[in-house]
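Residue-level structure breakdown
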Amino acid sequence: MNLHEYQGKEMLSSFGVRIQRGIVAQNAEEAVAAAKKLTEDTGTGWHVIKAQVHAGGRGKGGGVKLAKNLDEVKQIAGEIIGMDLVTPQTSAEGKRVHQVLVAEDVYYPGDNEPEEYYMSVLLNRATGRNMIMYSTEGGMDIETVAEETPHLIFTEEIDPSVGIMPFQARKIAFNLGLSGLAFKEMTKFVTALYTAYDKSDSSLFEINPVLKTSDDKIMAVDAKVTMDENALYRHKDYAALRDLREENAIEVEAKEAGLNYVDLDGNVGCMVNGAGLAMATMDLIKQAGGEPANFLDVGGTADAARVEMAFELILRDPNVKAILINIFGGIVRCDRVAQGVIDAYKNMGNIEVPIIVRLQGTNADIAKELIDNSGLAVMSATEFQEAADKVHEVLSK
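Residues numbered from 1 in each chain as written. Predicted model: local features only at pLDDT ≥ 70, side-chain atom pairs only at ≥ 80, totals over all residues. Heavy atoms only, no water.

**What to know about the UniProt feature "binding site: Mg(2+)" (unreviewed entry) in the protein**
When the UniProt feature table is mapped to this numbering, "binding site: Mg(2+)" (unreviewed entry) covers Asn-208 and Asp-222. Assignment of secondary structure puts Asn-208 in strand 10 (residues 202-212). Not counting residues up to four positions away in its chain, the partners in contact with Asn-208 are Tyr-117, Tyr-118, Gly-138, Gly-139, Met-140 and Asp-222. Within the local environment of Asn-208, its side chain forms a polar contact with the backbone nitrogen of Gly-139, the two atoms lying 2.7 Å apart. Position of Asp-222 among the secondary structure elements: in the loop between strand 11 (218-220) and strand 12 (224-227). A polar atom in the side chain of Asp-222 sits 3.2 Å from the side chain of Arg-58. (UniProt positions renumbered as here; feature names shortened; annotations may be inferred. Helix = DSSP H or I, 4+ residues; strand = E, 2+ residues; numbered from the N terminus. Contact = heavy atoms within 4.5 Å. Polar contact = N/O pair within 3.5 Å; in protein donor to acceptor, adjacent residues only side chain to side chain.)

Listed below in C-alpha coordinates is the structure:
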(Lines give C-alpha, C1' and ligand atoms only; values in the text may rest on other atoms or scores of the structure.)
Protein backbone atom coordinates (compact mmCIF):
# COMPACT_ATOMS: atom_id res chain seq x y z
CA MET A 1 0.00 0.00 0.00
CA ASN A 2 1.45 3.35 -1.04
CA LEU A 3 1.13 6.54 0.97
CA HIS A 4 0.99 10.11 -0.23
CA GLU A 5 3.98 12.32 0.48
CA TYR A 6 2.20 14.22 3.24
CA GLN A 7 1.12 10.96 4.91
CA GLY A 8 4.64 9.53 4.70
CA LYS A 9 6.09 12.71 6.20
CA GLU A 10 3.60 12.62 9.07
CA MET A 11 4.68 9.04 9.79
CA LEU A 12 8.37 9.96 9.68
CA SER A 13 7.83 12.93 11.95
CA SER A 14 6.11 10.72 14.54
CA PHE A 15 9.37 8.76 14.83
CA GLY A 16 11.53 11.86 15.22
CA VAL A 17 12.61 12.33 11.59
CA ARG A 18 12.96 16.02 10.68
CA ILE A 19 10.74 16.84 7.70
CA GLN A 20 9.91 19.75 5.43
CA ARG A 21 6.70 20.95 7.06
CA GLY A 22 3.53 21.32 5.05
CA ILE A 23 -0.27 21.32 5.07
CA VAL A 24 -2.46 19.43 2.62
CA ALA A 25 -5.17 21.34 0.72
CA GLN A 26 -8.13 20.16 -1.36
CA ASN A 27 -8.67 23.42 -3.29
CA ALA A 28 -7.04 26.78 -4.01
CA GLU A 29 -8.71 28.54 -1.07
CA GLU A 30 -7.47 25.90 1.37
CA ALA A 31 -4.01 26.23 -0.18
CA VAL A 32 -3.93 29.96 0.58
CA ALA A 33 -5.06 29.33 4.16
CA ALA A 34 -2.38 26.65 4.50
CA ALA A 35 0.27 29.04 3.20
CA LYS A 36 -0.73 31.70 5.72
CA LYS A 37 -0.61 29.14 8.53
CA LEU A 38 2.84 27.93 7.45
CA THR A 39 4.18 31.47 7.33
CA GLU A 40 2.84 32.05 10.82
CA ASP A 41 4.35 28.81 12.18
CA THR A 42 7.66 28.65 10.29
CA GLY A 43 8.36 32.14 9.01
CA THR A 44 8.65 30.90 5.42
CA GLY A 45 7.97 33.56 2.79
CA TRP A 46 7.83 31.28 -0.21
CA HIS A 47 5.84 28.07 -0.55
CA VAL A 48 6.25 24.87 -2.57
CA ILE A 49 3.03 23.49 -4.09
CA LYS A 50 3.23 19.71 -4.61
CA ALA A 51 0.70 17.47 -6.33
CA GLN A 52 -0.23 14.50 -4.13
CA VAL A 53 -0.39 11.42 -6.36
CA HIS A 54 1.17 7.98 -6.10
CA ALA A 55 3.88 8.55 -8.70
CA GLY A 56 7.44 9.83 -8.83
CA GLY A 57 8.81 12.47 -11.16
CA ARG A 58 6.03 14.93 -10.32
CA GLY A 59 8.23 17.94 -10.95
CA LYS A 60 8.93 16.81 -14.51
CA GLY A 61 5.19 16.81 -15.22
CA GLY A 62 4.52 20.22 -13.72
CA GLY A 63 3.25 18.88 -10.41
CA VAL A 64 5.76 20.69 -8.17
CA LYS A 65 6.06 24.48 -8.36
CA LEU A 66 7.37 27.34 -6.22
CA ALA A 67 5.02 30.15 -5.19
CA LYS A 68 6.59 33.45 -4.10
CA ASN A 69 3.40 35.09 -2.81
CA LEU A 70 -0.17 34.22 -1.89
CA ASP A 71 -1.53 35.12 -5.32
CA GLU A 72 0.84 32.58 -6.86
CA VAL A 73 -0.15 30.01 -4.23
CA LYS A 74 -3.78 30.36 -5.28
CA GLN A 75 -3.00 30.33 -8.99
CA ILE A 76 -0.62 27.36 -8.92
CA ALA A 77 -2.80 25.29 -6.58
CA GLY A 78 -5.80 25.95 -8.82
CA GLU A 79 -3.85 24.81 -11.87
CA ILE A 80 -2.51 21.63 -10.27
CA ILE A 81 -5.66 20.44 -8.47
CA GLY A 82 -7.83 18.68 -11.05
CA MET A 83 -5.09 18.24 -13.64
CA ASP A 84 -4.17 14.84 -15.10
CA LEU A 85 -0.51 14.69 -14.12
CA VAL A 86 1.70 12.72 -16.51
CA THR A 87 5.11 11.65 -15.16
CA PRO A 88 7.64 8.96 -16.16
CA GLN A 89 5.89 6.68 -13.64
CA THR A 90 2.30 7.10 -14.83
CA SER A 91 0.39 5.93 -17.88
CA ALA A 92 -0.03 8.22 -20.88
CA GLU A 93 -3.38 9.32 -19.43
CA GLY A 94 -1.70 10.42 -16.21
CA LYS A 95 -3.19 10.58 -12.71
CA ARG A 96 -5.88 12.99 -11.58
CA VAL A 97 -4.66 15.33 -8.81
CA HIS A 98 -7.20 15.68 -6.00
CA GLN A 99 -5.06 17.53 -3.46
CA VAL A 100 -1.79 19.40 -3.03
CA LEU A 101 0.74 19.75 -0.25
CA VAL A 102 1.64 23.34 0.54
CA ALA A 103 5.16 23.10 1.98
CA GLU A 104 7.64 25.52 3.51
CA ASP A 105 10.65 26.72 1.50
CA VAL A 106 13.71 25.05 3.02
CA TYR A 107 16.28 26.26 0.47
CA TYR A 108 16.82 29.50 2.34
CA PRO A 109 20.19 31.35 2.22
CA GLY A 110 22.74 30.86 4.99
CA ASP A 111 26.36 30.19 5.84
CA ASN A 112 26.59 27.08 3.63
CA GLU A 113 25.16 25.96 0.32
CA PRO A 114 22.26 23.47 0.64
CA GLU A 115 23.12 19.93 -0.49
CA GLU A 116 20.84 17.08 -1.60
CA TYR A 117 21.30 13.37 -0.93
CA TYR A 118 19.40 10.20 -1.81
CA MET A 119 18.41 7.64 0.84
CA SER A 120 16.14 4.60 0.94
CA VAL A 121 15.49 1.73 3.33
CA LEU A 122 14.35 -1.64 2.04
CA LEU A 123 14.82 -5.39 2.39
CA ASN A 124 17.69 -7.11 0.62
CA ARG A 125 15.97 -10.38 -0.20
CA ALA A 126 19.25 -12.03 -1.21
CA THR A 127 20.70 -11.69 2.30
CA GLY A 128 17.55 -11.46 4.42
CA ARG A 129 18.79 -8.19 5.90
CA ASN A 130 17.45 -4.68 5.81
CA MET A 131 19.48 -2.26 3.74
CA ILE A 132 20.02 1.48 3.63
CA MET A 133 20.92 2.65 0.12
CA TYR A 134 22.28 6.18 -0.12
CA SER A 135 24.10 8.53 -2.45
CA THR A 136 25.49 12.04 -2.66
CA GLU A 137 23.50 12.46 -5.89
CA GLY A 138 20.16 13.48 -4.39
CA GLY A 139 17.35 14.93 -6.46
CA MET A 140 18.18 12.67 -9.43
CA ASP A 141 16.60 9.42 -10.57
CA ILE A 142 18.52 6.73 -8.70
CA GLU A 143 18.34 4.54 -11.82
CA THR A 144 20.31 7.18 -13.74
CA VAL A 145 22.89 7.40 -10.96
CA ALA A 146 23.24 3.60 -10.89
CA GLU A 147 23.76 3.49 -14.64
CA GLU A 148 26.11 6.44 -15.08
CA THR A 149 27.96 6.71 -11.75
CA PRO A 150 27.48 3.45 -9.80
CA HIS A 151 30.46 4.22 -7.54
CA LEU A 152 28.40 7.03 -5.98
CA ILE A 153 25.82 4.59 -4.58
CA PHE A 154 26.55 3.12 -1.14
CA THR A 155 24.72 0.43 0.82
CA GLU A 156 24.69 -0.47 4.49
CA GLU A 157 23.13 -3.77 5.55
CA ILE A 158 21.51 -4.09 8.95
CA ASP A 159 20.72 -7.24 10.91
CA PRO A 160 16.99 -6.90 11.68
CA SER A 161 17.42 -8.80 14.95
CA VAL A 162 19.95 -6.24 16.20
CA GLY A 163 18.88 -3.01 14.49
CA ILE A 164 21.03 -0.17 13.29
CA MET A 165 24.24 0.34 15.26
CA PRO A 166 25.73 3.78 16.00
CA PHE A 167 28.85 3.04 13.95
CA GLN A 168 26.67 2.33 10.89
CA ALA A 169 24.92 5.69 11.15
CA ARG A 170 28.32 7.39 11.48
CA LYS A 171 29.64 5.48 8.47
CA ILE A 172 26.75 6.74 6.33
CA ALA A 173 27.33 10.33 7.41
CA PHE A 174 31.06 9.98 6.68
CA ASN A 175 30.48 8.52 3.20
CA LEU A 176 28.22 11.49 2.42
CA GLY A 177 31.15 13.79 3.16
CA LEU A 178 29.61 15.46 6.21
CA SER A 179 31.33 16.94 9.24
CA GLY A 180 30.55 18.99 12.32
CA LEU A 181 26.90 19.69 13.09
CA ALA A 182 25.71 18.22 9.77
CA PHE A 183 27.48 14.93 10.64
CA LYS A 184 25.69 14.70 14.00
CA GLU A 185 22.38 15.65 12.42
CA MET A 186 22.74 12.97 9.76
CA THR A 187 23.46 10.21 12.30
CA LYS A 188 20.28 11.18 14.16
CA PHE A 189 18.33 11.32 10.90
CA VAL A 190 19.52 7.89 9.71
CA THR A 191 18.80 6.24 13.08
CA ALA A 192 15.30 7.72 13.27
CA LEU A 193 14.58 6.82 9.63
CA TYR A 194 15.55 3.17 10.14
CA THR A 195 13.48 3.01 13.34
CA ALA A 196 10.46 4.36 11.46
CA TYR A 197 10.91 1.75 8.72
CA ASP A 198 11.26 -1.08 11.23
CA LYS A 199 8.45 -0.12 13.62
CA SER A 200 5.94 0.67 10.88
CA ASP A 201 6.48 -2.69 9.10
CA SER A 202 7.07 -0.86 5.83
CA SER A 203 8.54 -2.47 2.72
CA LEU A 204 10.12 0.71 1.33
CA PHE A 205 11.15 4.17 2.45
CA GLU A 206 12.61 6.42 -0.24
CA ILE A 207 13.66 9.97 0.59
CA ASN A 208 14.80 11.92 -2.46
CA PRO A 209 16.08 14.37 -1.63
CA VAL A 210 17.39 14.31 1.91
CA LEU A 211 18.43 17.93 2.35
CA LYS A 212 21.30 19.51 4.26
CA THR A 213 20.08 23.06 4.72
CA SER A 214 22.25 26.17 4.68
CA ASP A 215 22.41 25.99 8.49
CA ASP A 216 23.32 22.27 8.50
CA LYS A 217 19.95 20.79 9.43
CA ILE A 218 19.14 17.39 7.85
CA MET A 219 15.55 16.81 6.74
CA ALA A 220 13.31 14.81 4.42
CA VAL A 221 12.07 17.06 1.61
CA ASP A 222 10.15 14.20 -0.03
CA ALA A 223 8.86 10.86 1.25
CA LYS A 224 7.84 7.78 -0.71
CA VAL A 225 6.49 5.16 1.69
CA THR A 226 5.20 1.71 0.75
CA MET A 227 3.53 -0.31 3.50
CA ASP A 228 3.62 -4.09 3.74
CA GLU A 229 -0.04 -5.03 3.32
CA ASN A 230 0.53 -8.32 5.15
CA ALA A 231 1.33 -6.35 8.32
CA LEU A 232 -1.51 -3.82 8.16
CA TYR A 233 -3.57 -5.82 10.65
CA ARG A 234 -1.06 -4.57 13.24
CA HIS A 235 -1.43 -0.95 12.12
CA LYS A 236 -5.09 -0.05 11.80
CA ASP A 237 -4.22 3.65 11.79
CA TYR A 238 -1.96 3.21 8.75
CA ALA A 239 -4.55 1.06 6.95
CA ALA A 240 -6.98 3.98 7.23
CA LEU A 241 -4.59 6.11 5.16
CA ARG A 242 -5.30 4.15 1.98
CA ASP A 243 -6.45 6.36 -0.89
CA LEU A 244 -8.54 4.18 -3.19
CA ARG A 245 -8.69 6.97 -5.78
CA GLU A 246 -5.03 6.28 -6.51
CA GLU A 247 -5.52 2.58 -7.14
CA ASN A 248 -6.86 0.63 -10.11
CA ALA A 249 -10.66 0.57 -9.70
CA ILE A 250 -10.99 -3.00 -10.96
CA GLU A 251 -8.27 -4.23 -8.59
CA VAL A 252 -10.03 -2.53 -5.67
CA GLU A 253 -13.37 -4.14 -6.58
CA ALA A 254 -11.74 -7.55 -7.01
CA LYS A 255 -10.12 -7.32 -3.58
CA GLU A 256 -13.45 -6.46 -1.97
CA ALA A 257 -14.88 -9.60 -3.61
CA GLY A 258 -12.02 -11.75 -2.30
CA LEU A 259 -10.29 -12.13 -5.67
CA ASN A 260 -6.58 -11.54 -6.26
CA TYR A 261 -6.48 -9.44 -9.44
CA VAL A 262 -3.69 -7.44 -11.09
CA ASP A 263 -4.40 -5.52 -14.29
CA LEU A 264 -1.89 -6.03 -17.15
CA ASP A 265 -1.57 -4.85 -20.75
CA GLY A 266 -2.13 -8.05 -22.75
CA ASN A 267 -4.91 -9.63 -24.81
CA VAL A 268 -5.66 -12.96 -23.05
CA GLY A 269 -7.60 -12.94 -19.80
CA CYS A 270 -6.57 -15.46 -17.13
CA MET A 271 -8.72 -17.14 -14.51
CA VAL A 272 -6.71 -19.49 -12.32
CA ASN A 273 -6.71 -20.94 -8.80
CA GLY A 274 -3.37 -20.55 -7.06
CA ALA A 275 -0.64 -17.97 -7.57
CA GLY A 276 1.95 -20.48 -8.82
CA LEU A 277 -0.39 -21.91 -11.43
CA ALA A 278 -1.35 -18.34 -12.42
CA MET A 279 2.30 -17.49 -13.11
CA ALA A 280 2.73 -20.68 -15.12
CA THR A 281 -0.45 -19.87 -17.07
CA MET A 282 0.89 -16.42 -17.94
CA ASP A 283 4.04 -18.07 -19.30
CA LEU A 284 1.85 -20.47 -21.28
CA ILE A 285 -0.02 -17.58 -22.87
CA LYS A 286 3.21 -15.88 -23.92
CA GLN A 287 4.50 -19.11 -25.45
CA ALA A 288 1.24 -19.36 -27.39
CA GLY A 289 1.89 -15.95 -28.95
CA GLY A 290 -0.36 -13.92 -26.67
CA GLU A 291 0.13 -11.54 -23.76
CA PRO A 292 -1.61 -11.95 -20.39
CA ALA A 293 -4.22 -9.25 -19.78
CA ASN A 294 -4.35 -9.86 -16.04
CA PHE A 295 -3.31 -11.96 -13.09
CA LEU A 296 -6.44 -13.41 -11.51
CA ASP A 297 -6.44 -15.98 -8.72
CA VAL A 298 -9.99 -17.03 -7.82
CA GLY A 299 -8.77 -19.10 -4.86
CA GLY A 300 -10.05 -22.46 -3.74
CA THR A 301 -13.79 -21.84 -4.13
CA ALA A 302 -14.66 -21.30 -7.78
CA ASP A 303 -18.45 -21.43 -7.58
CA ALA A 304 -20.80 -19.84 -10.13
CA ALA A 305 -20.99 -16.46 -8.36
CA ARG A 306 -17.20 -16.24 -8.00
CA VAL A 307 -16.59 -17.29 -11.61
CA GLU A 308 -19.22 -14.82 -12.86
CA MET A 309 -17.53 -12.01 -10.94
CA ALA A 310 -14.18 -13.02 -12.43
CA PHE A 311 -15.69 -13.01 -15.94
CA GLU A 312 -17.08 -9.53 -15.41
CA LEU A 313 -13.72 -8.18 -14.26
CA ILE A 314 -11.84 -9.70 -17.18
CA LEU A 315 -14.37 -8.57 -19.79
CA ARG A 316 -14.15 -4.94 -18.72
CA ASP A 317 -10.82 -4.84 -20.50
CA PRO A 318 -11.56 -4.07 -24.18
CA ASN A 319 -8.18 -5.53 -25.20
CA VAL A 320 -9.14 -9.08 -24.15
CA LYS A 321 -9.44 -11.34 -27.23
CA ALA A 322 -9.69 -14.68 -25.37
CA ILE A 323 -10.06 -16.06 -21.85
CA LEU A 324 -8.09 -19.02 -20.51
CA ILE A 325 -9.48 -20.72 -17.41
CA ASN A 326 -6.86 -23.01 -15.86
CA ILE A 327 -7.98 -24.80 -12.69
CA PHE A 328 -6.25 -27.55 -10.74
CA GLY A 329 -8.79 -29.45 -8.67
CA GLY A 330 -7.03 -30.36 -5.46
CA ILE A 331 -9.26 -29.05 -2.71
CA VAL A 332 -11.93 -27.88 -5.14
CA ARG A 333 -13.62 -30.45 -7.42
CA CYS A 334 -13.25 -29.83 -11.15
CA ASP A 335 -16.86 -30.74 -11.90
CA ARG A 336 -18.05 -28.02 -9.52
CA VAL A 337 -15.81 -25.51 -11.25
CA ALA A 338 -17.10 -26.61 -14.65
CA GLN A 339 -20.68 -26.23 -13.49
CA GLY A 340 -19.77 -22.80 -12.12
CA VAL A 341 -18.39 -21.78 -15.53
CA ILE A 342 -21.52 -23.04 -17.29
CA ASP A 343 -23.90 -21.31 -14.84
CA ALA A 344 -21.94 -18.04 -15.00
CA TYR A 345 -21.88 -18.16 -18.80
CA LYS A 346 -25.67 -18.64 -18.92
CA ASN A 347 -26.30 -15.88 -16.35
CA MET A 348 -24.21 -13.39 -18.31
CA GLY A 349 -25.76 -14.22 -21.66
CA ASN A 350 -23.75 -14.47 -24.83
CA ILE A 351 -20.02 -13.91 -24.26
CA GLU A 352 -18.40 -13.00 -27.56
CA VAL A 353 -14.81 -13.63 -26.40
CA PRO A 354 -13.60 -17.24 -26.97
CA ILE A 355 -13.18 -19.21 -23.73
CA ILE A 356 -10.74 -22.09 -23.23
CA VAL A 357 -11.17 -24.17 -20.06
CA ARG A 358 -8.47 -26.51 -18.78
CA LEU A 359 -9.45 -28.50 -15.69
CA GLN A 360 -7.13 -31.04 -14.08
CA GLY A 361 -7.40 -32.97 -10.84
CA THR A 362 -10.38 -34.33 -8.92
CA ASN A 363 -13.26 -35.28 -11.27
CA ALA A 364 -11.50 -33.70 -14.27
CA ASP A 365 -13.07 -36.24 -16.63
CA ILE A 366 -16.58 -35.37 -15.42
CA ALA A 367 -15.76 -31.67 -15.75
CA LYS A 368 -14.62 -32.08 -19.37
CA GLU A 369 -17.80 -33.94 -20.19
CA LEU A 370 -19.92 -31.18 -18.63
CA ILE A 371 -18.14 -28.52 -20.69
CA ASP A 372 -18.28 -30.47 -23.93
CA ASN A 373 -22.00 -31.25 -23.54
CA SER A 374 -23.05 -27.79 -22.36
CA GLY A 375 -23.82 -26.53 -25.85
CA LEU A 376 -21.93 -23.35 -25.07
CA ALA A 377 -19.09 -21.82 -27.08
CA VAL A 378 -16.52 -23.01 -24.57
CA MET A 379 -13.51 -25.12 -25.56
CA SER A 380 -12.16 -27.69 -23.12
CA ALA A 381 -8.57 -28.87 -22.80
CA THR A 382 -6.80 -31.44 -20.67
CA GLU A 383 -3.08 -30.83 -21.11
CA PHE A 384 -1.11 -27.59 -20.86
CA GLN A 385 0.05 -27.82 -24.47
CA GLU A 386 -3.48 -28.48 -25.68
CA ALA A 387 -4.65 -25.31 -23.92
CA ALA A 388 -1.75 -23.39 -25.43
CA ASP A 389 -2.59 -24.60 -28.91
CA LYS A 390 -6.22 -23.50 -28.53
CA VAL A 391 -5.14 -20.07 -27.30
CA HIS A 392 -2.88 -19.74 -30.34
CA GLU A 393 -5.72 -20.90 -32.58
CA VAL A 394 -8.25 -18.30 -31.38
CA LEU A 395 -5.67 -15.49 -31.49
CA SER A 396 -4.75 -16.38 -35.06
CA LYS A 397 -8.28 -15.87 -36.35
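**Some remarks on the environment of Gly-276**
Along the polypeptide, Gly-276 turns up in helix 9 (residues 275-287). Note: C-alpha distance between Gly-276 and Arg-336 (60 residues apart in sequence) is 21 Å.

**Some thoughts on the nonpolar core**
Among the nonpolar cores identified, the biggest contains 37 residues, and Leu-12, Met-119, Ile-132, Met-186, Phe-189 and Phe-205 are the most heavily contacted of them. Elements represented by at least two residues in this core include exactly helix 1 (5-14), strand 7 (115-124), strand 8 (129-135), helix 5 (166-175), helix 6 (180-199), strand 10, strand 11 and strand 12. Setting aside its immediate chain neighbours within four residues, Phe-205 contacts Met-11, Leu-12, Met-119, Ser-120, Val-121, Leu-193, Ala-196, Tyr-197, Ser-200, Lys-224 and Val-225. One finds Leu-296, Ile-327, Ile-355 and Val-357 within the second-largest nonpolar core, a separate group that totals 35 residues. (Core = buried A, V, L, I, M, F, W, Y, C linked by side-chain atoms within 4.5 Å. Buried < 20%, exposed > 50% of the residue type's maximum accessible area, 1.4 Å probe, protein only.)

**Points about the side chain of Glu-104**
Tracing the backbone shows Glu-104 in strand 6 (residues 100-104). Side-chain polar atoms of Glu-104 contact the backbone nitrogen of Arg-21, separated by 2.8 Å. When neighbours within four sequence positions are excluded, Glu-104 is seen to be in contact with Ile-19, Gln-20, Arg-21, Leu-38, Thr-42, Thr-44, Trp-46 and Val-48.

**A word on helix 13 (residues 384-396)**
Over its 13 residues, helix 13 runs 18 Å from end to end, which matches the ideal 18 Å to within 8%, given 1.5 Å per residue. Those residues of helix 13 lying buried are Ala-387, Ala-388, Lys-390, Val-391 and Val-394. Here the buried residues of helix 13 occupy an arc of 165° about the axis, which is enough to place them on one side. Residues Gln-385 and Ser-396 are exposed on helix 13 and point more than 90 degrees away from its buried face. Here the buried face of helix 13 lies against strand 14 (268-272), helix 9, strand 16 (322-329), strand 17 (355-361) and strand 18 (378-381). (Expected span 1.5 Å × (residues − 1). Arc of directions from axis to C-beta.)

**Topic: the packing of aromatic side chains**
Within this structure, the stated rule accounts for three aromatic pairs. Between Tyr-134 and Phe-154, the aromatic rings sit 5.4 Å apart at their centres with planes inclined by 20°, giving stacked as the arrangement. Here the residue Tyr-134 occupies a position in strand 8, and Phe-154 occupies one in strand 9 (residues 153-158), the gap between them amounting to 20 residues. Here Tyr-194 and Tyr-197 contribute two aromatic rings whose centre-to-centre distance is 6.2 Å and whose plane-to-plane angle is 40°, an arrangement assigned as tilted. In this pair, Tyr-194 and Tyr-197 both sit in helix 6, three residues apart, roughly one turn of the helix. (Phe/Tyr/Trp six-rings, centres within 6.5 Å; stacked < 30°, edge-to-face > 60°.)

**Re the side chain of Thr-213**
In this structure, Thr-213 sits in the loop between strand 10 and strand 11. Note on Thr-213: relative accessible area 0%, which makes it buried. Excluding anything up to four places from it in sequence, Thr-213 contacts Val-106, Tyr-108, Pro-114 and Met-219.

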